[in-house]
Amino acid sequence: MSLKQRSFSFLFSFLLSCALFAQDFEALQYRTIGPSRGGRVTTVTGTPLQPGTFYFGASGAGVWKTEDYGTSWQNVSDGFFKTPSIGAIEIAANDANIVYVGTGSDGIRSNIIAGKGVYKSIDAGKTWEHIGLENVGQIGAVEIDPTNSNIVWVAAIGNAFKPNEERGIFKTTDGGKTWEKVLYVSEETGFADLELLPGNPNVVYAAAWKARRTPWTIDSGGKNSEGGIYKSVNGGKDWIKLEEGLPKGLIGKIDLAVSPVDSRILYAVVEAPGEDRGLYKSVDQGKSFVHVSDDERLVNRPFYYTNIELDPTNPDIVYSNANPLIKSTDGGKTWTRMSVPHGDNHDIWLNPHNPDLLIQCNDGGANVSHNGGKTWSTQYNQPTAEIYQVAVDDQYPYWVYGAQQDNTTLAIPSRAPSATSPVNGPVMLDVGGCETGPVIPMPGNHYIVYNNCKGRFSVYSKKTGQSREYSIGASNIYGHNPKDLKYRFQRVAPIHVSPYDPKTVYMGSQFVHKTNNGGQNWEIISPDLTANEPDKQVISGNPITRDITGEEYYSTLYSIRESKISKGLIWTGSNDGVISVTKDGGKTWKNVTPKKLPKGGRVESVEPSQFNPAKAYIAVDRHLLGDETPYLYKTDNYGESWELISTSSNGIPSDYTTRVLREDPVREGLLYAGTEYGMFVSFDDGGTWKKFQQNLPVTPITDITLFRGDLVLSTMGRGFWILDKVTTLQDEKITQLGDSPVLFQPDDTYRYQTPWGGDFPNYPSTSVIIDYYLPSDIKDGVSLQILDAQGKEVATIVSDSTQLKSTTEKVEDMSLSMTFVYMDEKLETNKGINRFAWNLEQKGAWAKNKRRRYRNGPMALPGKYTAKLTVGDQSFEKPFEILMDPKLEGDGVTMADLQAQQALQFKVIDLLSDARMLQDKVEEKIKELEKAKASESQLQPYKDILKQLKNDEGAYPEVVMVAQISYLYYILSSGDKAPGQEEKDRYQELLAQFNALKAKANL
C-alpha cells in the first residue's frame, strides 16, 4: 500500500470513527432472560441495626442487597463499579448507611475477574464512590473501626496472575481519601484476611499469603518467611510475626476469627502440609497457638475456600466454609456437616444479637436462615449465573443453551415459551452434560443435545431424559498429570457441530476428533495442534495442596470452527496460543499463529468469515499470564499474515481482556467483541471499536451468537442477555447519519401469542421493532403509521398528546371506520437513534374511558405491511412482513382460519362499541331526566334498558349484554384458531338482542 493510499485509509477510518462515536446506541437495550438460579457468591454480610438487611458480593455479578431476609434481591452496584468481582463487604457498626466494598474475589480460580479497588456508600448502597486502591488486585478482607467509620483496613491479596508491589495491608483514617500501606512482605505475598480486636481496634491480626495462578498450575503458599500471621498493637505502626505453636515449614492460605465475647481467643485455619494443616487456637491473643484439628475438610481446596467464623455469643461454636460447610460446638475439636442449598462454601455472617439469624454463601448463591441453618431462603431469586458459552436451537421461539458454573447445563426460552406461561415464571431445562459445557442442540432436531463435561462427550435426548456418553478414550482423566494423558481435554473442552451435517461433531483435546454418528465412533483428524511445552505439563497445585480438576490442563484446544462457506476449512485455537487451519477436512494442517502475538495465550474464539473463505478472526486472552491486553486479530489470506485490530487507540481499553469476537452474518465488516468488562462493536472490520454496552451490566462476555436478527450473549456472572433485532446495525446508513431523518428496515417478525411480560425474565410480547434516526430533538411531534398490503392504515402512533387530542376528536366525531390512533410515550423524539416496538395491536372497541378507548384490538394478521415514519413534512417508508407462527401448522391452524377468526373479531368489536355507546347514551339520558326531575314512569323505560345492558353492582351479578359481548370477544381471542360454530351463533344471537334493545331505546 502506498503512502497516499495509507493516508486516505487513515482519513476514512478517522472520519468514520468520528461519525460513529457521535452516535448513541442507548435506544438499543438488552434484556435478561436469566436463569434466576444463583451463581458463585464469595462474600456476605449483614447488620444488627436492620435485621432483615443483608448484602452479598458475587464473583462476577457485583453487589446485591435484600431488605426482606432474602425473599428478594436487587443489584446495587450496577452503574458504579468498574468490576463485578467482589472480595469483601463491611457495614459500619454504628451506621448501616455506611458500607465499604473491596473488589476482587479471594477465591483465585483461573476464571477470576480482577479487582479494581475499594468503593464506599454513605446511603446504604443507593450510590457509590470509588475511593482508591485500584491496583491492589484481589481483596481478601475489609474491616471498619467500630469507633470511627472513617478508619478502614484492607487486606490485599494482590494480582492473581503476576507479582505486584500493591499487595499488603492498607489503612485509611479519612474515609478513603488517602491510604497508607502499613504492612508489606513482598511483591509475591499479599494478605488474605485481617481482624480487629474487639474492644481495642488498634490491635490488628493479618494473614499473609503467597499466591499466584498460571494457566497450568496454582501456587498457594511458600516458605514460612513468605506467609504466616502478623499482629500490631498500635494501629499498624509496628508488627510482629506470631510463631509459637504455628507450622514452621511451608505455609499457605490462612483465615482468622476473633471471639467478640472473649478477645483472648483467636482461631486460625491454616493451609500446611500433612498433619500441620487445619485449625489452630490461641487463648492469649496470639502469643501461642495450639493445633486443635487437622480435619482435611477445613482446608479442602484452600486457594478457593478457607473461611472460618465464630458464633458471636459463644467462642466454642465455630463454622468452617469449604466443601462442605461444617460446624463445631467444642472449640474445633469435632465437626459435623451442615446442610446448605449448594456446595462449595465461601462465607458466613451471623447476627450478633441473634446468631440463629444468619446468611451464608456458596457457588449457588446466598441464602438466609432464621433458625441456625435448619432451613434456608431460596437461591432461585438471584440472576447471577456464570455461563461459559451460548448456543441456540431452531425452535419458534428459539431456546438458549449454556453451561452454568458449578451447576448444570441449561436451556431457557428466548421469549415466553407459550401463551400460558406464568408472569415472572422462569422455565429452565437441564439438558445433560455438566457445569462446563459446551452444550449444543442438534441443528434440525432440538430434542438431541451434544454435551461436554470436563472432557467427556455425551448426547442427551429431551424425549427420554437419557444421556448417552461416548467419551473419547473412555477414560477418567481427573487427577492425572497431563503429561501422562493420552488425550488432554481441558475442563471446558470445545465441541463444534459441522454446518454441513448435524451428525458430524468435532471435539478438541490436543487433537481434533471427529464423529459422523453422534459420538459412537471417533477418528483423529489432526496432529497435536498445541505448543506442548514439557515444563507446563505438570501436576497442578504447589507447593502444598495438589489440585487437578482439568482446569489447569495446558496445551489443549480451546476453540474449533468450520467455515460455513467452504466445507472442510477448519480453524482451531489452543489454550497455549497456537492457531491452526486445514483446508481439506484435516488431511493437512498448518500452524498460522500470528508472529507478533505474545505466546501462551488462550485462544478464546476463532471465527471463520461468512463472506470470504480466506478470512478469519481470533480473540486471545492472556490475563492468566498477567497480561490484560486485548488481542483481536484478523487475516484475509488463510493466516499467512495477521492484523491486530485491538490497538491501544482504536476503542477497546488496554486492560479489557478479549473473550470472544463474532462476525455479523449479514453485513461484512460488522464485528461484535465481548471483553472482560463488556461489549464493543466495529463497523469497519476492526479499524475502530465503539462501546456497545447500553444497559448491560459490567461483567465478562463469554460468548456471542447471532440468530434470527438477535444478538445473544452469555456472561460470567449475569446469565444470558439478548439484544433483539440488530438489523439497524446491518444497514449501511448507520455509518452515514447526518442531517436527515432515517427510517431503518424493520425485520420480518413472527407473530406469537404471548402472555403479559414481567420484569424477570424479560420476555417481551410480540412486536415489530422499528428503529429510526432523528438529526435533532423534535418538539412538534413524530408519527408512525402501519399500513397493510392495500395501503390501509392499521394503526397510527403519535408522539405527543397535542397531536393525539385533535386526532381523537376526529375519531369521536366520525364513524368507527376511522383509523386507530394512539399516543405512546415510547415513540421517542430524541436526537439520535430511537427504537419503537409496535405490538401488532389493531383497533379495538370504543370505551368511555379515554385511556382504554380503541385498545385491546386483535393482533395484525400475517402478511405484508409498511412502516411509514413522518417527521414534519417528510415521510419515509419501509416494508416488512409479519410471519405466521410456524407451530400453528402442527395444530392444523391455517391462514384461512386466522382470517375467518379476525373477520368475526372485528364484527364483535363493532357490536361491543355500539353496545357501550348505547349504554353511555342511556346513562346520560337518565341523568338528564333526573336533573329535570322527570317522573318515575319517564325514567323506568331507560332504567330497564340499562339493566339489560350493564351488570348490577355488587358481588356475582348476572352477566348481561355489554359484558356478554366482551366475553364473546375474549373467547374468540383466546388463541389462534378457526372460530367455533357456537361463537358464530352467539354473535348472531347477541346482535339480534342488541338491535332490538337499540330500537327500543330510540336514542
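For the structure itself, look to the data block above.
Cut-off values and rules
Residues numbered from 1 in each chain as written. Predicted model: local features only at pLDDT ≥ 70, side-chain atom pairs only at ≥ 80, totals over all residues. Heavy atoms only, no water. Pairing = 2+ DSSP bridges. Helix = DSSP H or I, 4+ residues; strand = E, 2+ residues; numbered from the N terminus. Axes fitted to C-alpha atoms, helices over the stretch in contact; angles between N-to-C directions. Parallel < 35°, antiparallel > 145°, perpendicular 65-115°, else oblique. Left-handed = near helix turned anticlockwise from the far one by under 90°. Contact = heavy atoms within 4.5 Å. Nonpolar A, V, L, I, M, F, W, Y, C, P; charged D, E, K, R; others polar. Core = buried A, V, L, I, M, F, W, Y, C linked by side-chain atoms within 4.5 Å. Buried < 20%, exposed > 50% of the residue type's maximum accessible area, 1.4 Å probe, protein only. Disulfide = S-S within 2.5 Å.

## Overview of the sheet that holds strand 36 (residues 467-469)
In step 1: One open sheet accounts for four strands, arranged 33-34-35-36; its pairing is antiparallel. Each edge of the open sheet is held by one strand with a lone partner, namely strand 33 (439-442) and strand 36. Neighbour to neighbour, the strand axes of the sheet diverge by 25° on average, direction disregarded.
In step 2: One ladder, built from six bridges, connects strand 34 (residues 445-453) with strand 35 (residues 456-461); its direction is antiparallel.

## Things to note about the environment of Asn200
In step 1: On the secondary structure map, Asn200 appears in strand 15 (residues 200-214).
In step 2: A C-alpha to C-alpha distance of 32 Å links Asn200 and Gly249, two positions 49 residues apart in sequence.

## Some words on the packing of helix 4 (residues 895-931) against helix 5 (residues 936-949)
In step 1: Taken N-terminus to C-terminus, the directions of helix 4 and helix 5 make an angle of 150°; their axes are 10 Å apart at the nearest point. One finds that helix 4 runs roughly antiparallel with respect to helix 5. Two packed elements cross with a definite hand, and for helix 4 against helix 5 that hand is left-handed. Facing Ala915, Leu918, Gln919, Val922, Glu923, Lys925, Ile926, Leu929 and Glu930 of helix 4, the residues of helix 5 in contact are Gln938, Leu939, Tyr942, Lys943, Ile945, Leu946 and Leu949.
In step 2: Grouping the amino acids of the contact of helix 4 with helix 5 by side-chain chemistry returns 10 nonpolar, two polar and four charged.

## Digging into the nonpolar core
In step 1: In this structure, Ile786 and Trp838 are the most contacted members of the largest nonpolar core, which totals 31 residues.
In step 2: With residues near it in sequence (within four places) discarded, Trp838 still touches Thr766, Ser767, Val768, Ile770, Ile786, Val794, Ala795, Ile797, Tyr822, Ala860, Phe880 and Ile882.
In step 3: Residues Val908, Leu911, Leu929 and Ile945 belong to the second largest nonpolar core, which totals 28 residues.

## Observations regarding the packing of helix 5 against helix 7 (residues 981-1001)
In step 1: At a minimum axis separation of 10 Å, helix 5 and helix 7 run at an interaxial angle of 160°. Considering their axes alone, helix 5 and helix 7 lie roughly antiparallel with respect to each other. The hand of the helix 5/helix 7 crossing is left-handed. Residues Tyr942, Ile945, Gln948 and Leu949 of helix 5 touch helix 7, and the partners they reach there are Leu997, Lys1000 and Ala1001.
In step 2: Of the residues in the contact of helix 5 with helix 7, the class split is five nonpolar, one polar and one charged.

## Some remarks on the side chain of Ser580
In step 1: Among the structural elements, Ser580 can be located in strand 44 (residues 579-582).
In step 2: Beyond its immediate stretch of four places on either side in the chain, Ser580 contacts Leu529, Ile570, Trp571, Thr572, Trp589, Lys590, Asn591 and Val592.

## Some remarks on the state of the cysteines
In step 1: The tally for this structure, following the rule as stated, stands at one disulfide.
In step 2: In this model, Cys434 is linked to Cys453 through a disulfide, with the two sulfur atoms separated by 2.0 Å. Residues Cys434 and Cys453 are joined through a disulfide that is right-handed, its torsion about the S-S bond being 100°. Of the two residues, Cys434 is situated in the loop between strand 32 (409-413) and strand 33 and Cys453 in strand 34; the sequence distance between them amounts to 19 residues.

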